[in-house]
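# Commentary on secondary and tertiary structure
Residues per chain, in single letters:
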Amino acid sequence: MLRASRCGKYLAVLALALASSLFAITGFAADRAHVVVLATGGTIAGAGADAANSATYQAAKVPVDKLIAGIPELAKVADVTGEQVFQIASESFTNDNLMILGRRVSALLKDPKVDGVVITHGTDTLEETAFFLNLVIHSDKPIVVVGSMRPGTAISADGALNLLDAVSVAANPESRGRGVLVVMNDQIDAARDVTKTINIKTNAFVSQWGALGMIVEGKSYWFRKVDKKHTINSEFDIDRLKELAPVEIAYAYGNVGKEAYSAFAAAGAKAIIHAGTGNGSVANRMVPVLRDLQDHGVQIIRSARVWGGFVLRNAEQPDDQYGWVVAHDLNPQKAKILASVAIASGMDAKALQKAYWEY
Ligand code: ASP
């Protein structure tokens, strides 16, 4: 008995010594999550001339290593490593940027040594990138997209806490399988629901169906799950996607003309998202224009310029008769992401409509 317990003690000491020498060699503790921060730029990497400059500054200035080194608390949460994927403001994101980032996220999450990924991103198009990853990454490991509304040089900058929260969420096994998450301003939102609603305040991101949870002092509090398909259940896959289909957005307003629609079609758009008024309405004089485009192989997808709500099929327009598609509750910029992925994956109008109901 005595000999057995002594032997157990010896084995425990040996295991501890092995673990700590492994930590010394690799820098990683066996029991802590390994989170990779992929930096793409934005205000979270921004710098202003003066601490009073909360709105006048240059985005995409601070490199990822400096961002991580500036928050020593990160080391208490996870083993964090950084990679600089781009250093741009997010309004300059292209389809190529999305593909490069998506491939990197996918490759990292296939690595058994990586437990989660955080993407630092400008807030302008953050929701588009988050939704893109939500559609094409086949992993249930946490993927968290984060930004900030003030540069790190400003008084009351929000980036450091947002990044610490994002890493805490990414390191948490409870975050698995919930789809791509957006963490900003103490809140955890679903990529498909969240949108930037104001360009100046720190509570800029709002989900029309409500947040998934809150993150307070590193602890996540969850309230709901998304019912739509995403990541692991998605039929889209970054590893099979060669490129994104060209899709454009045309904004509707009183006195709108056909010029933008025709120009997009002439430039090779495979679909046009109609950011319609109200319930995705189409002006009388525009109906024949859009029907003609549809007849020439350009998918017409009705979304709405109104925040919130959703476009009803066959309500404002006889979509069945015209062969048009409705974007359901997706705003125009997210409707564009889904169409770009779905058309590139070979979907026709019928399959597209199904995708808008399901994702
Ligand atoms: N224009 C900036 C960007 O999207 C704004 C921000 O990051 O908040 O990169």
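Structure's up top.
Please read these numbers as outputs of a predicted model, since none were measured by experiment. (Residues numbered from 1 in each chain as written. Predicted model: local features only at pLDDT ≥ 70, side-chain atom pairs only at ≥ 80, totals over all residues. Heavy atoms only, no water.)

## So, the sheet that holds strand 14 (residues 325-326)
Threshold: A pair of strands counts as paired when DSSP detects no fewer than two bridges linking them. Helix and strand assignments come from DSSP, with helices taken as H or I runs of at least 4 residues and strands as E runs of at least 2, each series counted from the N terminus.
Spatially, four strands are ordered 11-12-13-14 in an open sheet, and the strand pairing comes out parallel. Where the open sheet ends on each side, the last strands, each with one partner, are strand 11 (247-251) and strand 14.

## Section: unusual backbone geometry
The condition is simple: The buried label applies to any residue whose accessible area, calculated with a 1.4 Å probe on protein chains only, is under 20% of its type's maximum; exposed applies above 50%, and partly exposed to all values in between.
Even without a glycine there, the phi angle at T231 is positive, about 30 degrees. Assignment of secondary structure puts T231 in the loop between strand 10 (219-222) and strand 11. Overall, the relative accessible area of 2% leaves T231 in the buried class. With a phi angle near 70 degrees, N255 is a residue other than glycine that sits in the positive phi range. Along the chain, N255 falls in the loop between strand 11 and helix 7 (259-266). Classification of N255 as exposed rests on a relative accessible area of 71%.

## Some details on the pairing of strand 11
Quick note on the threshold: Crossovers are marked right-handed if the path from the first strand over the helix to the second runs clockwise, as seen with the strands pointing away from the viewer.
Pairing analysis gives five bridges linking strand 11 to strand 12 (residues 271-276), with the strands arranged parallel. Within strand 12, the position partnered with A250 by the bridge is H274. Following the chain from strand 11 across helix 7 to the adjacent parallel strand 12, one finds a crossover that is right-handed.

## As for the packing of helix 5 (residues 126-136) against helix 10 (residues 332-344)
The cut-off we apply is this: Helix axes are fitted only over the stretch in contact, all axes being lines through C-alpha atoms; the angle between N-to-C directions runs from 0 to 180 degrees. Crossing chirality is assigned from the near helix's rotation relative to the far helix, an anticlockwise turn below a right angle marking it left-handed and a clockwise turn marking it right-handed. Residues are treated as being in contact if the distance between any of their heavy atoms lies within 4.5 Å. Gly falls in the polar group here, along with every residue not listed as nonpolar (Ala, Val, Leu, Ile, Met, Phe, Trp, Tyr, Cys, Pro) or charged (Asp, Glu, Lys, Arg).
The geometry of helix 5 relative to helix 10 is characterised by a closest axis approach of 9 Å and an angle of 35 degrees between their N-to-C directions. When the axes of helix 5 and helix 10 are compared, the crossing they make is right-handed. Across from E127, E128, F131, F132, L135 and V136 in helix 5, the residues of helix 10 making contact are Q333, K334, I337, L338 and V341. Looking at the contact of helix 5 with helix 10, its residues break down into seven nonpolar, one polar and three charged.

## Details of the side chain of S220
Topologically, S220 is positioned in strand 10. The exposure class of S220 is buried, given its relative accessible area of 7%. Setting aside residues up to four positions removed in sequence, S220 forms contacts with V169, N172, E174, I188, M214 and I215.

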